[in-house]
Each structure stands twice: as structure tokens, then as C-alpha cells.
2 protein chains.
Amino acid sequence: MKDKLVTMAHGGGGRATSELVQAVFLPRLGNLELMELGDAAVLNLDGQKLALTTDSFVVSPPFFPGGDIGRLAICGTVNDLTAAGAVPLYLTVGVILEEGFPLAELKRVVASMAEAADEAGVKVVAGDTKVVERGKGDGLFLNTSGLGLLRNPPPRWSQARPGDRVLVNGPIGEHGAAVISRRSGFDLDSPVQSDCAPLNDLIGTLWEEGLGQHIRAMRDPTRGGVATALAELAARMELGIRVDESALPISPAVSGVCDMLGFDPLYLANEGKMLIVIDASVADAAVDLLRKHRYGAEAAIIGELTDEFKGVRVRTPYGGHKRVDVAEGELLPRIC
Amino acid sequence: MKDKLVTMAHGGGGRATSELVQAVFLPRLGNLELMELGDAAVLNLDGQKLALTTDSFVVSPPFFPGGDIGRLAICGTVNDLTAAGAVPLYLTVGVILEEGFPLAELKRVVASMAEAADEAGVKVVAGDTKVVERGKGDGLFLNTSGLGLLRNPPPRWSQARPGDRVLVNGPIGEHGAAVISRRSGFDLDSPVQSDCAPLNDLIGTLWEEGLGQHIRAMRDPTRGGVATALAELAARMELGIRVDESALPISPAVSGVCDMLGFDPLYLANEGKMLIVIDASVADAAVDLLRKHRYGAEAAIIGELTDEFKGVRVRTPYGGHKRVDVAEGELLPRIC
């Protein structure tokens, strides 16, 4: 690392974040569970397999179309546990408040958390509140940690092989587009809503219908978007991913925001989407199943694994290819 | 609650914090585990009893005599699990960095975390890093959550009865005094060091030597100090606690800082102390055992439970009494 000071890019979820983790955290705190760097750590506790995860939320602004920081914090942690193949059960919440933050807004955030926790069927069992002086924070920051029970069988990364399909449960880039449009003042005339939602019930249906054993890997494409998540999936599976751009579900509203502001929806954050790598033989059945759920109505197969190259290639509608990789620099600060 | 805005007192760990939790968090997020408001939530997961806890750390300054925010974060979470009667096993760390924070300082903090985790025998298995713009944070904030396995038997609050003794494992008020003296510039000529330490090994010896079954309750007296923790213990046990002021271990250095600056050591934060309520018949044996450990060398019996009154009364050396209660207002902001 050449940097001497923390930059916004270190929090972007892309290459700089990864370099920070590799250079500063892993050399000292490294252990088998942490080295996995999955959405959640998988732990063996007296024979029981648990998943444990943590996330801080500093989204700015805290209220945005389709959600707020409270809903985001609950859904983010539920989805991290879900991506690890776990059933989310218990959450903790740490709140860092800035002196002068309106209590009425805090109540709104807590109400959102409660509503999202109820929807996801998880319990907030422990909490902590700290206050910092005016000018030493930014309204409120949340941290949520979550504990879940690993499903049986869990996603089997080692079984990933060329031909496996990559699914997504709906249109991409909505959370990022919603926050950008709120920040830019576009939200008045733009209908983009954050997709912020708990996905444990949706993904649970795959196990209930016997498809869980065919799942190789999952990842929720938050900071850094689908592009970064796919690149990380490919790297960890040591295979390539071929994506068909025309198969990517993207709403006209998100396309509009991207065209106006020069963003690529592949790099915009999602907070209610899951990338699922699954055996080709059951991919269509999985899509059909996901489509029956409110959070999977526009589920689609977007690509497949290959051993012809490493990394991620996107086939454009005009027959060309573009490579995508983990996000570089600071695309969108404080998106979650 | 009459306040409309968050005040520093809401983060003090005393009455205002409790009112905030009662007014804002519990009405919406309340459930049996959260309502207990212990140092950690105790969960039943497929027959296994686990403890889960979370804490955010915003201590200012982040480096202080005897420790830093990294050691504090690990020890604080280890001690919360320990106080709940659990064996701490796995921790998560969420980091909120302010743009421009020196990476060399971050490395120091991470090294402290690693050292404290090694000492406590716990693993940091998951992490998250966010960055906020310059002026929207204060260097760095940490959140640690922890998972532990409940000891058998756990502390038995329901067995608490008049005559039970209250123990502390050493001199009180050291963390608070260390941070104050650093802030006031007194640390150059004052030898006060924070007591910041992981207590799981110390407390574990009580179980190893068969005294665990006699423990009624534990609490680590952090924000709000021994006074607040005793008041909370008394309230939850629905009994009174009589404290003998002359039995309270207080170092001359802490007394000095308190005399100079007008603080009461009973209200100063501790980060390496545990209050233990235990059956009178084994109290002396417990003190002897604690004294064999580096973190218990000055352990002492400081009081006993009574049904003659509710709350906490401190017997002064001159034969009088003073009542102590949970901290009011904002005594010492950002002490942990």
C-alpha cells in the first residue's frame, strides 16, 4: 500500500478496500475463518455449524427512496448470512449517534429496523448506544452483527464447474441508483426505489424445494455492485464467468439514471439481490421457483461458469465482449 | 423523554442512556432476550446455550495510557461475554474510518486488537470497513460483537439472597482516570494506566475450581463505573447492596486524579474489572483464587446483599452512609 492516509476509496468495497484488508487487517488478525472473506464466517461450535457476520452502515443520506439506514442495516446483515448459506436468527445493533440528531428521526430508523426484522423473522437481541459530539459524526451510524445456523447442505463452492449457471433474483443497481438520485435531487422526478429487502425467505425456498444441494455459491452484490461480486466469485472459484449483458435485468428507471449521470448499472450497489451459482440441470427450475416470490419476480439466468478464461467477461448485444472486474477507486461513497 | 435531540448524556451509560433505550429501542425491538439488558444476550440454539453481545467504541483520544481503542474493543466484548457467564470464542470487528486517518495509526490499533485477542484466546472471524468524509467522523470508531458458549452452570441470578457477598477483582476507576488524565494533559506526571484487560481467563478459574455454581451474578462496571453497575445489579436482583467504602480498592494515583479534578472513583469507568455476586460461604475462597491471577491480585470483598433496603448504600469510614445510584447526566463523554 502506498497510501499513508485513509481515502474514501478504502471504503468503496472495491480494490482499495481489498488492499486495505490485505495489508492492514489480515497480517495481524488472520485466521482460517477470516481469510475466507465471505459474506459471513462459518464456525463450528460443538458440532453445530453457525454463521457470524458484521456490517457497519454509514449511508448518506440516511433516508432514501425505498428505505432508510435502519432497514438497510437489518437487510444487509440478513442477506450476508443468507449468502453464506445460513438461516439468519439473531442480530445485534450498535448505534453511534451524533449529538443533536433528532430523536424523532431515530425513532423512524428504529421502527424501520423493527419492521425489517419482523419481516425477516429475526430477533434483535443485544444493542449498544454511543454518542459523539456535534461535528464528530454524521447523524447516525449503525452496526449490525448477525448469527445464523448453516443450512444443510451448505453451498458447495468446491463443486463449482464449467457450465454451472449464474442467477440473479431481479433487476440490478436499484439501491445505488436510488441513493444517487436522492443525493442529486433527481428523486423528485425519478421513480427509482432502493431494492433493500431481506432475502432469507426467498433463498430458503430453494432449500425447501430440494434445490439447495445444487447451489455452489452465493454472494450479495452490495458495494461495488454485480461486477465486483462476480469478479470475487470468479476469483474464489478459480473459474471464469461469462455474462450475457442482454440477460441482465435492468429497469428503465435505473438505465435512465445511469445514462444521465454516467454510471454503469453493473457497478451500482444492490441491497435486495443475490447472485446464485447453481448446477445447470436445475437452473431453470430455480428461476421458476424464485419468480413465485415477491423478491424474485424478475429472476433470470445471467451467465455461466467457464474454464476458457479467468475473471468475468460480459457479452454485449453487438457481439463484442467487455471485461469487468472489482470496482476501482471511489465510485460512490457511503452507499451503504 | 422530554428531549427532542440526542444529547451527550444519552451516551453516558447512566440514566439518560437507559431512558433512551426504554423510550426508543425497547418499544419497537423488544423481545425477551433484549429486555434482559444484560451484558450479553443468552440464546438457546438447538439446545446449545450461546451468548451474543455488541459494543461500539468511540473513546477519545484513541490512544491512552495503558491501552488504545483496539485493545479496549476486544477486551470490552470479551468481558461482556464473561459477565454473562459465557466463554468468549468468536468476535467480529466493524471499523468506521474518517478520511485522512493515518494508516500507521490504524495498523497500531489492529496490532493491539490482535494482541488482545491472542491474550484472550478469541478469534476475530469477520470484519467490515467503511470510510466517511473528513469532518463526518472522528478518526476511527470500532464495533465489536462477540459470540460465546454459556458456562454450566451459568450465574444464577434467581438464587441471589441477603448475605451474598459482592467481590471486585482489583482497584477501581483506572480506565476513567487514565483517559481523563490524558485529556487533561495530566498523564505526563501521573502514573495512572487504564486497567483494560480481558477477564475471561481470570473468571474461568472460578468455574475450574468448582466455585461457578455459587456465582449469582456478574457485571463489568464500564461507563458509569462501579456505582452504576451496582445500582443495576441491585435493581435486577430486587435487593439492596451494602458497600463498605474502606474495602474498595482504589490506587493512590486514581485518588489523586479524582481529588484534583473532582471525580468520584465509584463513577469512573473500568475496563478490566468484574463485580461478582457470590454465596458468602465461598467468598473468601473466591478472593484467594482471584488473587493468584495477574488480573485479580488486589481482589476484595466490597459489600453484601441485604433485604433491609433497596438500591446501594455505601458505608463511609466515619460511620455514615451515602446512597449511590446510576450515573446522572454526562459525567465523562466518550470514555469507551
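Residues numbered from 1 in each chain as written. Chains lettered and ligands numbered in written order. Predicted model: local features only at pLDDT ≥ 70, side-chain atom pairs only at ≥ 80, totals over all residues. Heavy atoms only, no water.

**Overview of the side chain of Asp39(A)**
Residues and elements named next belong to chain A. Looking at the element boundaries, Asp 39 is found in the loop between α2 (32-36) and β1 (41-45). Under the relative-accessibility criterion, Asp 39 is labelled buried at 15%. When sequence neighbours within four positions are dropped, the list of residues in contact with Asp 39 reads Thr 53, Asp 80, Ala 83, Met 218, Arg 219 and Asp 220. (Helix = DSSP H or I, 4+ residues; strand = E, 2+ residues; numbered from the N terminus. Buried < 20%, exposed > 50% of the residue type's maximum accessible area, 1.4 Å probe, protein only. Contact = heavy atoms within 4.5 Å.)

**Focus on the domain arrangement of chain A**
All names here are of chain A. The assigned domain composition of chain A is domain 1 (38-149) and domain 2 (157-324). Placing the centre of domain 1 and that of domain 2 at their C-alpha centroids yields a distance of 23 Å. When domain 1 packs against domain 2, the two sides together hide about 1900 Å² of surface, and 57% of this comes from carbon and sulfur. A per-residue breakdown of the area domain 1 buries against domain 2 is headed by Pro 65, Asn 79 and Thr 82, which together make up 28% of the total. For the interface between domain 1 and domain 2, the tally reads two salt bridges. Across the pair Glu 119 and Arg 294 runs a salt bridge whose closest N-O atoms are separated by 3.6 Å. The interface formed by domain 1 and domain 2 contains 10 residue pairs in polar contact (both at pLDDT 80 or more). Looking at the side of domain 1 that touches domain 2, the elements with two or more residues in it are β3 (63-64), α3 (69-83) and α4 (103-120). Here the element with the most residues in the side of domain 1 that touches domain 2 is α3; it accounts for nine residues. For the side of domain 1 that touches domain 2, the per-class residue count stands at 11 nonpolar, seven polar and four charged. (Domains from an automatic or database assignment. Buried area = accessible area lost by both parts, 1.4 Å probe. Salt bridge = Lys/Arg side-chain N within 4 Å of Asp/Glu carboxyl O. Polar contact = N/O pair within 3.5 Å; in protein donor to acceptor, adjacent residues only side chain to side chain. Nonpolar A, V, L, I, M, F, W, Y, C, P; charged D, E, K, R; others polar.)

**Focus on the packing of helix α1 (residues 15-29) of chain A against helix α4 (residues 103-120) of chain B**
The interhelical angle for the contact between α1(A) and α4(B), taken along N-to-C directions, is 25 degrees, at an axis separation of 8 Å. It follows that α1(A) is roughly parallel to α4(B) by the angle criterion. Here the hand of the crossing between α1(A) and α4(B) comes out right-handed. Counting all contacts with α1(A), which are made through Leu20(A), Ala23(A), Val24(A), Phe25(A), Arg28(A) and Leu29(A), the residues of α4(B) involved are Leu103(B), Leu106(B), Lys107(B), Val110(B), Ala111(B), Met113(B) and Ala114(B). Residues of the contact of α1(A) with α4(B), tallied by class, amount to 11 nonpolar, no polar and two charged. (Axes fitted to C-alpha atoms, helices over the stretch in contact; angles between N-to-C directions. Parallel < 35°, antiparallel > 145°, perpendicular 65-115°, else oblique. Left-handed = near helix turned anticlockwise from the far one by under 90°.)

**Observations concerning the pattern of salt bridges**
Enumeration according to the criterion identifies 44 salt bridges over all chains in this entry. Taking the shortest distance from any N to any O, the salt bridge between Lys273(A) and Asp195(A) comes out at 3.0 Å. Of this pair, Lys273(A) sits in the loop between α8 (252-261) and β11 (275-278) while Asp195(A) sits in the loop between α5 (174-184) and α6 (200-208), placing them 78 residues apart in sequence. The class of Lys273(A) is buried, set by a relative accessible area of 5%. The residue Arg334(A) makes a salt bridge to Glu133(B) at a minimum N-O spacing of 2.7 Å. Taken together, the residues span two chains, with Arg334(A) in the segment after β14 (321-324) and Glu133(B) in the loop between β6 (123-132) and β7 (140-150). Overlapping salt bridges, with partners in common, bring together Asp55(A), Arg223(A), Asp128(B) and Lys130(B) in one network.

**Quick word on the interface of chain A and chain B**
Each side of the interface is counted separately: chain A has 76 residues, and chain B has 76 residues. Interface of chain A and chain B: buried area, both sides summed, is about 6900 Å²; carbon and sulfur atoms make up 69% of it. Broken down residue by residue, the surface that chain A buries against chain B is led by Val6(A), Leu103(A) and Lys130(A), which jointly contribute 10%. Where chain A meets chain B, there are 10 salt bridges. The residue Lys130(A) makes a salt bridge to Asp55(B) at a minimum N-O spacing of 3.3 Å. Remark: the boundary between chain A and chain B carries 25 residue pairs in polar contact (both at pLDDT 80 or more). Per element, the largest residue contribution to the side of chain A that touches chain B is 10 residues, and it comes from strand β6 (residues 123-132) of chain A. When grouped by side-chain class, the residues that make up the side of chain A that touches chain B number 41 nonpolar, 18 polar and 17 charged.

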